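# Structural overview
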Amino acid sequence: MRNLIAIIVLLLVAMPGFAQRHRKSGLYIETHATQGIVIKSNDFVRGDNRDEIPINDFSATDLRIGWQTTGDKAWHHVHSLPYYGIGIHNIVFSNADEIGYPAALYFFFGAPFSRKGRSSFDYEFSFGLSHNWEPYDDTDNPFNVAIGSYRNAYIDAKIKYVRYLSKRVSLDAGIRVTHFSNGAMKFPNAGINLFAPFVGLRYNVIAREPTPREHLRTQQIEPKEEFNIILASGKRSVKHTDTMNEHMVSLVNLSFEYLKPAGQKFKYGVGLDIGIDENRNIIVDGNDVELASTRNQVFSAVSVIGQFRANRLAVQAGIGYELFNNNKLYFSNDIYQRLGLRFYLHKNAFAGIAIKARSFNTANYIEWSIGYSI
């Protein structure tokens, strides 16, 4: 669980850098109220629980502090004056006894798709860490196959309509999708997936007038190609031992990426992975786990990559196909996926976190990474 806790460290590292560089930005506080449905993605929420009743709905609230960019940088205008900040998400499920009363601390980033007059149509994404779950326990909570750990990753995406009532006050309403899981660090880990409408109220504590783009003629953004070298690692629990979560295994991965600009917001490219995964070809006998030889843990893969970039922050997704596994060329329909957050600490150095999954629904690892861009 120490790896998941490090999400907080990543957020706290990123936020002072953003705040210091954009200290001229407007400051605001915001609250959201949410009432929605639990997506029936596993047996526990479908009704295979202590009460034998499907877990259908939930309610949640968010309290946030954010910074509204004002156009004093060229990238602000590229993203139509985006905003970012930190928030606390509190949630109550219809079956709280077996799930708990979780809360999440998260970083968020949002910007308009379009803006006209006193209205805008925005997108937003959030990453963070949740806690206070009631995880699976073979004695006290044996039905909860959705959540196997007290702390879990939090991922959220929103689309919303915003109405600006005055210089300081605005209302918003939209829909959001939310995912909680621990990236296979503890089992069971079927995850919780949510869909909901929400409404919100924002108050600008410090409201600043935007700087017109024509005043920034000397600050043009020039998208550049990247060749990245990344070192990533992760841990996960071994499945199918008699005592659940008895053993942990690790992953070390070296990646090479080539990314090409597609406008000022996006990049795309290809990647090559070479790694050692202790979870491959293991033999489980009760609580005894025998790792395969190192050569049978080695794998390599190629991937296609898409990246959304906002100054030093990047959200990156990739789909990969393995070429080498089990000490031989590997041809299969099995592919893997990555979705992660990357923060450029310097012009060329960055750190990140990503969920590596298979079949678009099974988390394999949470990967922590450092990299250098040439």
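Shown above is the structure to which this text applies.
This section reports on the structure supplied with the text. (Residues numbered from 1 in each chain as written. Predicted model: local features only at pLDDT ≥ 70, side-chain atom pairs only at ≥ 80, totals over all residues. Heavy atoms only, no water.)

This paragraph deals with the overall build of the protein. Tallying secondary structure elements over the protein gives four helices and 19 strands in all. For 374 residues, the compact-globule estimate of 2.2 N^0.38 gives 21 Å, and the C-alpha radius of gyration of the protein, at 22 Å, lies within 12% of that figure. Dimensions of the protein, computed from the C-alpha atoms along their principal axes, are close to 65 × 50 × 30 Å. In the protein, which comprises 374 residues, the share counted as buried stands at 49%. The long-range fraction of contacts in the protein, counting pairs at least 24 apart against all pairs at least 6 apart in sequence, stands at 63%. As displayed, the protein offers around 17800 Å² of accessible surface, 58% of which is attributable to carbon and sulfur atoms. If you average the places of the 41 positive and of the 35 negative side-chain charges in the protein, the two averages end up 15 Å apart. (Helix = DSSP H or I, 4+ residues; strand = E, 2+ residues; numbered from the N terminus. Rg over C-alpha atoms; globule rule 2.2 N^0.38 Å. Buried < 20%, exposed > 50% of the residue type's maximum accessible area, 1.4 Å probe, protein only. Contact = heavy atoms within 4.5 Å. Areas by Shrake-Rupley, 256 points an atom, 1.4 Å probe, with all protein chains shown as cover. Lys, Arg positive; Asp, Glu negative; His and termini not counted. Charge placed at Lys NZ, Arg CZ, Asp CG, Glu CD.)

Phi is mostly negative for residues that are not glycine, and the peptide bonds are mostly trans. With an omega of 0°, the peptide bond running from Phe187 to Pro188 counts as cis. Topologically, Pro188 is positioned in the loop between strand E7 (169–181) and strand E8 (192–206). Even without being a glycine, Asn245 presents a positive backbone phi close to 65°. Tracing the chain through its elements places Asn245 in the loop between strand E9 (226–237) and strand E10 (248–262). Although it is not a glycine, Asn281 sits at a positive phi angle of roughly 60°. Note that Asn281 resides in the loop between strand E11 (266–277) and strand E12 (283–285).

Whenever strands of a sheet pair, they do so through backbone hydrogen bonds, lying parallel or antiparallel. Reading around the circumference, E1-E2-E3-E4-E5-E6-E7-E8 is the order of the eight strands in this closed barrel, with antiparallel pairing throughout. Sheet twist, expressed as the mean angle between neighbouring strand axes with direction ignored, is 25°. Where strand E6 (residues 152–164) lies against E7, 12 bridges are found, and the strand directions are antiparallel. Paired with Tyr161 across the bridge in E7 is Ala173. (Pairing = 2+ DSSP bridges. Axes fitted to C-alpha atoms, helices over the stretch in contact; angles between N-to-C directions.)

The next thing to look at is the packing of aromatic side chains. Applying the stated criterion to the full structure yields 19 aromatic pairs. Measuring from centroid to centroid gives 5.9 Å for Tyr123 and Phe308, while their planes differ by 90°, and the two rings are edge-to-face. One end of the pair, Tyr123, is in strand E5 (residues 119–133); the other, Phe308, is in strand E14 (residues 298–310), and 185 residues separate them in sequence. Centre to centre, the rings of Phe125 and Phe308 are 6.1 Å apart; their planes meet at 85°, and the pair counts as edge-to-face. Of this pair, Phe125 sits in strand E5 while Phe308 sits in strand E14; the two residues are 183 residues apart in sequence, bridging distant segments of the chain. Judged by relative accessible area, which is 13%, Phe125 ranks as buried. (Phe/Tyr/Trp six-rings, centres within 6.5 Å; stacked < 30°, edge-to-face > 60°.)

Let us look at the side chain of Lys160. The residue Lys160 is located in strand E6 in this model. With relative accessibility at 3%, the residue Lys160 sits in the buried group. Here the side chain of Lys160 touches Glu124 through a polar contact of 3.3 Å, side chain to side chain. A polar atom in the side chain of Lys160 sits 3.1 Å from the side chain of Asp172. (Polar contact = N/O pair within 3.5 Å; in protein donor to acceptor, adjacent residues only side chain to side chain.)

By the definition in use, this model includes 20 salt bridges. A salt bridge links Glu124 to Lys160; its shortest N-O distance comes to 3.3 Å. Pair noted here: Glu124 is in strand E5 and Lys160 is in strand E6, with a separation of 36 residues, a long-range link. Per residue, the accessibility class of Glu124 equals that of Lys160, and both read buried. Among the salt bridges present, the one from Asp277 reaches Arg280, with a minimum N-O distance of 3.3 Å. By relative accessible area, Asp277 is classed as buried at 4%. On the basis of relative accessibility, which here comes to 8%, the residue Arg280 falls in the buried class. Bridged by salt links that share partners, the residues Glu30, Asp62, Arg64, Glu124, Asp156, Lys158, Lys160, Asp172 and Arg176 form one connected network. (Salt bridge = Lys/Arg side-chain N within 4 Å of Asp/Glu carboxyl O.)

The next point concerns the nonpolar core. In this structure, Phe58, Phe93, Ile192 and Leu194 are the most contacted members of the largest nonpolar core, which totals 22 residues. Contributing elements (two or more residues each) for this core: strand E1 (26–38), helix H2 (43–46), strand E2 (57–68), strand E3 (83–93), strand E4 (100–116) and E8. If we skip the residues at most four places from it in the chain, Phe93 touches Val38, Asp57, Phe58, Ile99, Pro102, Trp133, Ile192 and Leu194. (Core = buried A, V, L, I, M, F, W, Y, C linked by side-chain atoms within 4.5 Å.)

This paragraph deals with the environment of Ile355. Note that Ile355 resides in strand E18 (residues 349–358). Judged by its relative accessible area of 18%, Ile355 is buried. Between the C-alpha atoms of Ile355 and Ala184, which are 171 residues apart in sequence, the distance is 9.7 Å. If we skip the residues at most four places from it in the chain, Ile355 touches Ile155, Gln337, Arg338, Leu339, Ala363, Tyr365 and Ile366.

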